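# Report on the structure
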Amino acid sequence: MNDTESKCTALVLPGGGARGAYQVGVLKAINELRTGRDNPFPVICGTSAGAINAAVLASHGHEFMVGVERLEHFWRSMHCQRVYRTDAWTVFKSGMQFALTLLSGGLIPANPRAFLNNAPLRKFLQQALKLEGIQTALDLKALRGVAVTASGYTSASAISYFQAQPEIAEWRRTRRKGQAATLEVSHLLASAALPIIFPAERIGNEYFGDGGMRMVAPLSPAIHLGANNILVIGTRDEKPDQPPATPAEYPSAGEIGGYLMDTIFMDRLNADLALMRRINQTMQLVPEELRSQAGLKNIDSLVIKPSQDLRHVTQAHVRDIPLSVQVLLRTLGGWGRDWRMASYLLFESAYCGALIELGYEDGMNAEQDIRRFLQT
């Protein structure tokens, strides 16, 4: 970004299921560290649980502090029953539908949709969110745009539904596009529909699942909405696990599922960040006049991520998961050997509160970076 170009800062919130509570703690720290009372993020983009956080913030784009406070209350009062049905019969029935389909070779049309029924989340979001506030923030020029991304199961494309200022145009790239829309709860449920775990959401004629599945360029929506400064709040630490000292057991379905969620939520984002930084470095070799002619611009970024492995936090609270879901995780092999899958499903207040506190601590420890990044 050159000296004459005005700064437009975006907030990018990737998915992470219950790990999304961590983002709230970082946002709480940012709210205390920012100077002035204006919204520091005129562009807000989210995927999966990050899409819900993004929608809450955008609906209070003209009152950022209120948005952060509402998010904290939202997550500190969280329980699994608010997100998915936890009664034993519902969980057992879903599991039996999958088993029946498998054992019958598909001859018995059990038509399993997902392991968990997230009908409570729909009801909760409809009651708790004030999405009309997004348009209020746009009208007051406190917000440039907000986008949430979902993956179409038929089109095999990532669609970023965005609500923005009138001058923001739709875009289309290979297997991804931006589509203008008035954001509704259905867009958030589509973005947060973890494959196999939660049922797909129909928008128009197509069913959609978690936005991370097809989004090969997670920073793209923020850039299309005009950002040249991007702050990312991740939901995974980046310290690599040590290889086993002795031959490992064969990975269970639960371990593989947790591994895939890690890939969906963070690996592509990290790859996109690395690509953007390489492009920025290459641009320094190009004369500014040629950069302008080609429409190239430098994009600054800052990433804040957990300072510790969230699986360790999960292990301390895992007994709070409802018994029926514990049984499901044990059946899938996602209990005990690896807490990844559990970390995405533990929507309980004590766990979410612990993640908020960790996020707040990490945010305050990044005070100098945050102040530098947000300064105008």
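Report on the accompanying structure. (Residues numbered from 1 in each chain as written. Predicted model: local features only at pLDDT ≥ 70, side-chain atom pairs only at ≥ 80, totals over all residues. Heavy atoms only, no water.)

Turning our eyes to something else, we now look at the overall build of the protein chain. Across its full length, the protein chain carries 16 helices and 10 strands. In terms of overall size, the protein chain behaves like a compact globule, its C-alpha atoms giving a radius of gyration of 21 Å where 376 residues would be expected to give roughly 21 Å. Counting only C-alpha atoms, the protein chain reaches 65 × 45 × 40 Å along its principal axes. Burial statistics for the protein chain: of 376 residues in total, 55% are counted as buried. A separation of at least 24 residues holds for 76% of the contacts in the protein chain among residues at least 6 apart in sequence. Within the structure as shown, the protein chain displays about 17300 Å² of accessible surface, and the carbon and sulfur contribution to it stands at 53%. Charged side chains of the protein chain number 38 positive and 36 negative; the gap between the two group centres comes to 5 Å. (Helix = DSSP H or I, 4+ residues; strand = E, 2+ residues; numbered from the N terminus. Rg over C-alpha atoms; globule rule 2.2 N^0.38 Å. Buried < 20%, exposed > 50% of the residue type's maximum accessible area, 1.4 Å probe, protein only. Contact = heavy atoms within 4.5 Å. Areas by Shrake-Rupley, 256 points an atom, 1.4 Å probe, with all protein chains shown as cover. Lys, Arg positive; Asp, Glu negative; His and termini not counted. Charge placed at Lys NZ, Arg CZ, Asp CG, Glu CD.)

What follows deals with the nonpolar core. One broad rule of soluble globular proteins: the nonpolar side chains tend to lie buried together. Ranked by size, the top nonpolar core spans 109 residues in total, and within it Leu27, Phe41, Trp75, Tyr84, Leu116 and Ile230 carry the most contacts. Those residues within four positions of Leu27 in sequence are excluded, and the remaining contacts are Leu11, Phe41, Leu57, Phe64, Val68, Leu71 and Ile233. (Core = buried A, V, L, I, M, F, W, Y, C linked by side-chain atoms within 4.5 Å.)

A few words on the packing of aromatic side chains. Inspection of the entire model under this criterion finds nine aromatic pairs. Pairing Phe74 with Trp75 gives two aromatic rings, centres 5.8 Å apart and planes at 70°, and the pair type is edge-to-face. For the residue pair Phe74 and Trp75, the accessibility class agrees, reading buried in each case. Measuring from centroid to centroid gives 5.1 Å for Trp335 and Trp339, while their planes differ by 75°, and the two rings are edge-to-face. (Phe/Tyr/Trp six-rings, centres within 6.5 Å; stacked < 30°, edge-to-face > 60°.)

So, on to the pattern of salt bridges. In total, this model carries eight salt bridges according to the counting rule given. Across the pair Arg76 and Glu72 runs a salt bridge whose closest N-O atoms are separated by 2.8 Å. Residue Arg76 and its partner Glu72 are located together in helix H3 (residues 64-76), separated by four residues, close to a single helical turn. One network of salt bridges, in which partners are shared, links Lys28, Glu72, Arg76 and Glu357. (Salt bridge = Lys/Arg side-chain N within 4 Å of Asp/Glu carboxyl O.)

Next up on the list: the environment of Asn270. Along the chain, Asn270 turns up in helix H10 (residues 253-283). Its relative accessible area of 26% is what places Asn270 among the partly exposed residues. Residues Asn270 and Pro218, 52 residues apart in the sequence, show an inter-C-alpha distance of 9.1 Å. Excluding anything up to four places from it in sequence, Asn270 contacts Arg236 and Glu238.

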